[in-house]
Amino acid sequence: MREHSSSTCTWQSAAYSHTNGHECPKCPTALHHRFANSTHQLSHFLGVPEAGKCAEQRSCSHAHCKAHHETHLYSVKAAGLRLPIRAHGHRHLKKKGQYPHRFTALSNRLAAPCLRQPGPASGACRDGPEGAGTAALCPARAMLLWRRLAALRGQRAPRRLRAGGPGPGLGLGSESGPGPGPGPGPGKAVVRQSPCPRRDIPLLLPAPDRSFPSLFPSERTSDGGGAPRPLYMDVQATTPLDPRVLDSMLPYLTAYYGNPHSRTHAYGWESEAAMENARRQVANLIGADSREIIFTSGATESNNMAIKGVARFYKSRKKHIITTQTEHKCVLDSCRSLETEGFRITYLPVKKNGLIDLKELEAAFQPDTSLVSVMTVNNEIGVKQPIHDIGEICRAHKVFFHTDAAQAIGKIPMDVNNMKIDLMSISGHKIYGPKGVGALYVRRRPRVRLEPLQSGGGQERGLRSGTVPTPLAVGLGAACEVAQQEMEYDHKRISQLAERLVTKIMSEVPDVVMNGDQKDRYPGCINLSFAYVEGESLLMALKDVALSSGSACTSASLEPSYVLRAIGTDEDLAHSSIRFGIGRFTTEEEVDYTVQKCIQHVKRLREMSPLWEMVQDGIDLKSIKWTQH
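Residues numbered from 1 in each chain as written. Predicted model: local features only at pLDDT ≥ 70, side-chain atom pairs only at ≥ 80, totals over all residues. Heavy atoms only, no water.

(A) Just the overall build of the protein chain, in detail. When its secondary structure is counted, the protein chain shows 18 helices and 22 strands. Counting across all 629 residues of the protein chain, residues that qualify as buried make up 54%. Just so you have it, the protein chain exposes about 28500 Å², and 52% of that area is on carbon and sulfur atoms. (Helix = DSSP H or I, 4+ residues; strand = E, 2+ residues; numbered from the N terminus. Buried < 20%, exposed > 50% of the residue type's maximum accessible area, 1.4 Å probe, protein only. Areas by Shrake-Rupley, 256 points an atom, 1.4 Å probe, with all protein chains shown as cover.)

(B) Quick look at unusual backbone geometry. Here the amide bond leading from Arg445 into Pro446 is cis, since omega sits at -10°, within 30 degrees of zero. Relative to the helices and strands, Pro446 resides in the loop between β18 (438-442) and α13 (470-508). Within the chain, Lys420 stands out as a residue other than glycine whose phi angle is a positive 60°. Take Lys420: it is sitting in the loop between β16 (400-404) and β17 (423-427). Non-glycine residue Asp511 carries a positive phi angle of around 55°. Positionally, Asp511 belongs in the loop between α13 and β19 (512-514). Given a relative accessible area of 39%, Asp511 falls into the partly exposed group.

(C) Representation of the nonpolar core in the model. By size, the foremost hydrophobic cluster in this structure holds 88 residues, and its most contacted members are Ile286, Val372, Met424, Leu501, Phe530 and Phe580. Sorting elements by how many residues they give to this core places α13 first, with 12 residues. With sequence-adjacent residues up to four places away left out, Met424 is seen in contact with Ile286, His402, Thr403, Ala405, Ile409, Met414, Val416, Ala439, Leu440 and Tyr441. (Core = buried A, V, L, I, M, F, W, Y, C linked by side-chain atoms within 4.5 Å. Contact = heavy atoms within 4.5 Å.)

(D) Main features of empty space enclosed by the protein. Applying the stated criterion across every chain, the model contains 7 cavities of 30 Å³ or more. Counted as a void, the largest cavity has a volume near 90 Å³. Around the largest cavity, the lining residues are Gly410, Lys411, Ile431, Tyr432, Ala483, Met487, Asp490, His491, Ile494, Tyr522 and Arg584. Residue composition of the lining of the largest cavity, by class: 6 nonpolar, 2 polar and 3 charged. (1 Å grid on protein atoms, 1.4 Å probe; cavity = no way out; pocket = protein on both sides within 12 Å on 5 of 7 lines; lining within 4 Å. Points joined across faces, edges and corners; volume = space filled by probe spheres on them. Nonpolar A, V, L, I, M, F, W, Y, C, P; charged D, E, K, R; others polar.)

(E) Here's a closer look at helix α17 (residues 588-607). The end-to-end C-alpha distance of α17 is 29 Å, a good match for the 28 Å that 20 residues give at a rise of 1.5 Å each. Looking only at α17, the buried set comprises Glu590, Val591, Tyr593, Thr594, Val595, Lys597, Cys598, Ile599, His601, Val602, Leu605 and Arg606. (Expected span 1.5 Å × (residues − 1).)

(F) Representation of the packing of helix α7 (residues 243-254) against α13 in the model. Look at α7 against α13: their axes get within 8 Å of each other, and the N-to-C directions meet at 155°. By the criterion of interaxial angle, the relationship of α7 to α13 is roughly antiparallel. Pair α7 / α13 crosses with right-handed handedness. Touching Arg244, Val245, Ser248, Met249, Tyr252 and Leu253 of α7 are Thr470, Pro471, Leu472, Val474, Gly475, Ala478, Ala479, Val482 and Glu486, all from α13. Residues belonging to the contact of α7 with α13 are distributed by class as follows: 10 nonpolar, 3 polar and 2 charged. (Axes fitted to C-alpha atoms, helices over the stretch in contact; angles between N-to-C directions. Parallel < 35°, antiparallel > 145°, perpendicular 65-115°, else oblique. Left-handed = near helix turned anticlockwise from the far one by under 90°.)

(G) Up close: the sheet that holds strand β20 (residues 525-530). Spatially, the 3 strands line up as an open sheet ordered β19-β20-β22, and their pairing is antiparallel. Each edge of the open sheet carries a strand with a single partner, namely β19 and β22 (577-581). In this sheet, adjacent strand axes meet at a mean angle of 30° when their direction is disregarded. Where β19 meets β20, 3 bridges bridge the pair, whose relative direction is antiparallel. By the bridge assignment for β20, Val513 is matched with Ser529. Across the sheet, α13 is in contact with β19, β20 and β22; its angle to β20 comes to roughly 10°. (Pairing = 2+ DSSP bridges.)

(H) Representation of the pairing of strand β13 (residues 320-324) within the structure. Of all the 5 residues making up β13, 5 are buried; the element is thus mostly covered by neighbouring parts of the structure. Here β13 runs beside strand β14 (residues 344-348); their pairing, made up of 5 bridges, is parallel. Note that in β14 the partner of Thr323 across the bridge is Tyr347. Handedness of the crossover is the feature at issue here: the chain leaves β13, passes through helix α10 (residues 329-339), returns alongside β14, and the resulting connection is right-handed. (Right-handed = clockwise from strand over helix to strand, strands pointing away.)

(I) Broad picture of the pairing of strand β15 (residues 369-373). Counting buried positions along β15 gives 5 out of 5 residues, so the element sits mostly inside the fold. As defined by bridge partners, β13 adjoins β15 across 3 bridges and the pair is classed as parallel. Looking at β15, one finds that His320 is bridged to Thr369. Pairing geometry for β15 and β16, over 3 bridges, is parallel. The residue bridging Val372 from the neighbouring strand is Phe401, located in β16.

(J) View of the pattern of salt bridges. Under the counting rule described, the total for this entry stands at 19 salt bridges. Asp289 is paired through a salt bridge with Arg291; the nearest N and O atoms lie 3.1 Å apart. Looking at Asp289, the relative accessible area reads 29%, which means it is partly exposed. The partner of Asp422 in a salt bridge is Arg395, and the shortest N-O contact between them spans 3.6 Å. Placement of the pair is Asp422 in the loop between β16 and β17 and Arg395 in helix α12 (residues 387-396), with a sequence separation of 27 residues. Look at Asp422 and you get buried, because its relative accessible area is 3%. Taken together, the shared-partner salt bridges connect Asp242, Arg244, Glu486, Asp490 and Arg584 into one network. (Salt bridge = Lys/Arg side-chain N within 4 Å of Asp/Glu carboxyl O.)

(K) Broad picture of α7. Relative to the 16 Å expected for 12 residues at 1.5 Å per residue, α7 spans 17 Å between its end C-alpha atoms, a close match to the ideal helical length. Buried residues dominate α7, accounting for 9 of its 12 residues. At the N-terminal boundary of α7, the capping side chain belongs to Asp242, with an oxygen 2.9 Å from the backbone nitrogen of Arg244. (Polar contact = N/O pair within 3.5 Å; in protein donor to acceptor, adjacent residues only side chain to side chain.)

See below:
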């Protein structure tokens, strides 16, 4: 049985060790950073465990300290990824002979986030002192810090740390050897040694690579170690995981790994409680009952379950379905699949602004119509359909109403009862949650019946058999809760950034068309067509900005977007469209950089285009009869 000494606290690893920390036999179970049975877990990954009289004292004075827990809100995520923890003090521990952590100069330089303080109604983000009150990190600045720290993960050579008690001159920034000297080169191992003799705990962490490029456009250089990562402006395809969501998921990826459907022991009970709490969090976001939430693998499965499930259950009496021409591909393909089974599908056209005509919807109902499926926010052009009016019409005709709300949930207010929605599809990774999880809302009163797509153990009210992945469900629930708290702030900030982007581009570049309605739209999805420029060429020129020419599900196709064709866009303009996605962690600097590069490359490509030269000479291109040889 091996013993390890940290200050004066001794623990026996064979008998009382914990996966993410340590405890004394006399120490009560404590919840610290949402982990049980640990006092300062994950700190030994960094080789700087805290000093103290014993683990029991640290559990009382440290683990239960609310202020310390809030200080570590983002530090836990960094530690869980084996990244440097941002600088923070331990003033509440100094009386007990404990010391604050020391950090590298790099960590201190990176850890200067903008603190969002309670301020005016504008929700402006302003700087505040480190650790001031209960101020929270501005999500955009916190995410930039998190991304820059994450860049250090994938380096080549390990470094070996020693678990010595912290003292003067010890920490991640104190390298072995006297005096200052040049840092290790890329790929060199760094050895951290304690000034006091301690038992070595070999922990392999990536050594910092000085040649790794900056993630900020203003700090990038063309030379160095490899190509820089582009800015991310494609949040309609997927969103980065919010650090607060990761924080909620970590315990269920390590300590609480039970099957939520196991009813005979505590492991199952813990996971089931977490799953049901996540179900409530999802339901609260849309004004539903938690019993109406069915966990799925994502919005594609939810759409398939809703459309095929309702159609097949009521097929003996109703064989007609109504949808639109601009729906997501999984909805359109599900309808085409039902056509092969004898169902009749009406694909409603949309107006030039992308919205449906409610009179055409009224006229499309038939006596045997079972379902209407209309997307809330379009994933390519961002138009927002009149869901409330559609729900009223469907309820008047006693027809079930399904909406694909993957691009709307957490971004605009949604209430299934007020909008008369009977089925709603939700995706986790579109709201800063994990990939591989989603949900389907199924109304209980009046009851909506579905035929399940897969058979098995009868989980999820018998509609979706299979073990629910607890960590993913917890992540989805946390993402919904965060979205509910941040929705108003996010929407206002994203609207300002979107207006900034559109105004700057259109003021500098002529012949730019915004696709979709100008008013009824979600501001974070901007689809612009640059006349006389090939969209694929522009995307390749903007290689340091991650953008898209349309839906990620059909981006491999060379055909113009079927959504743009449905709203009557000319084929040449449809080929020249670019979708800009602005999200929670997008900054003004990223928007300005994207605008600058976009204007630069559009002008350059137009100078190379013979069509642009003809237009400058006053030639009407539509009057030319083109021939093929």
